[in-house]
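Below are the chains, spelled out letter by letter.
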Amino acid sequence: MVLFLLSEIQPDPESSWLVIHDKVAHVGLYAVLGATLAWGRRAGGRSLPPSLLILAGMAYGVLDEWHQSFVPGRDPSSGDVLADGAGVFLGFTLLHLLPLAPTRGRGDPGT
């Protein structure tokens with residue numbers, strides 16, 4: 001939802017940092033989405049395959065770019081879609097590869 005709100009903001013032509021770091025911002029924001037999807041899978045019992053969750057995150061990026069086509073001053077970009085997809089994959093993979101922390105106090109006989 002936050003990503004859709006950010007895509008409603010019209011670009012400021014005076015702000016040059018946004019143009020330079022646009023793809024970095026896309027990768028970073030969508031990495032958070034990817035990590036959230038991995039965390040949800042981990043917390044939810046791993047019932048959905050990782051590929052499906054990554055595709056869902058990438059589809060969200062496509063929908064966000066499509067949404068921008070309706071916002072005055074914004075244009076959809078295939079480069080942004082690629083950066084979104086890379087961010088989802090990166091965030092999901094990084095969190096997915098982290099080892100699970102020991103769960104103390106949740107019925108663990110060692111506590």
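Reference entry: report on the structure contained in this document.

## Let's talk about the packing of helix 3 (residues 22-43) against helix 5 (residues 78-97)
Helix 5 packs onto helix 3 with a crossing angle of 40° between their chain directions and a minimal axis gap of 6 Å. What the angle tells us is that helix 3 and helix 5 run oblique. Crossing geometry of helix 3 relative to helix 5 is assigned as right-handed. Here the residues of the contact of helix 3 with helix 5 are counted per class, giving 13 nonpolar, 6 polar and 6 charged.

## Comments concerning the nonpolar core
If you look at the biggest cluster of nonpolar residues, it comprises 6 residues: Tyr30, Ala38, Leu53, Ile54, Val88 and Phe92. Among the secondary structure elements, those contributing two or more residues to this core are helix 3, helix 4 (50-68) and helix 5. Ignoring any residue separated from it by four or fewer positions in sequence, one finds isoleucine 54 in contact with Val88, Phe89 and Phe92.

## What to know about the environment of leucine 63
Mapped onto the fold, leucine 63 is located in helix 4. For the pair leucine 63 and proline 76, spaced 13 residues apart in sequence, the C-alpha to C-alpha distance is 9.8 Å.

Reading the values: rules and limits
Residues numbered from 1 in each chain as written. Predicted model: local features only at pLDDT ≥ 70, side-chain atom pairs only at ≥ 80, totals over all residues. Heavy atoms only, no water. Axes fitted to C-alpha atoms, helices over the stretch in contact; angles between N-to-C directions. Helix = DSSP H or I, 4+ residues; strand = E, 2+ residues; numbered from the N terminus. Parallel < 35°, antiparallel > 145°, perpendicular 65-115°, else oblique. Left-handed = near helix turned anticlockwise from the far one by under 90°. Nonpolar A, V, L, I, M, F, W, Y, C, P; charged D, E, K, R; others polar. Core = buried A, V, L, I, M, F, W, Y, C linked by side-chain atoms within 4.5 Å. Buried < 20%, exposed > 50% of the residue type's maximum accessible area, 1.4 Å probe, protein only. Contact = heavy atoms within 4.5 Å.

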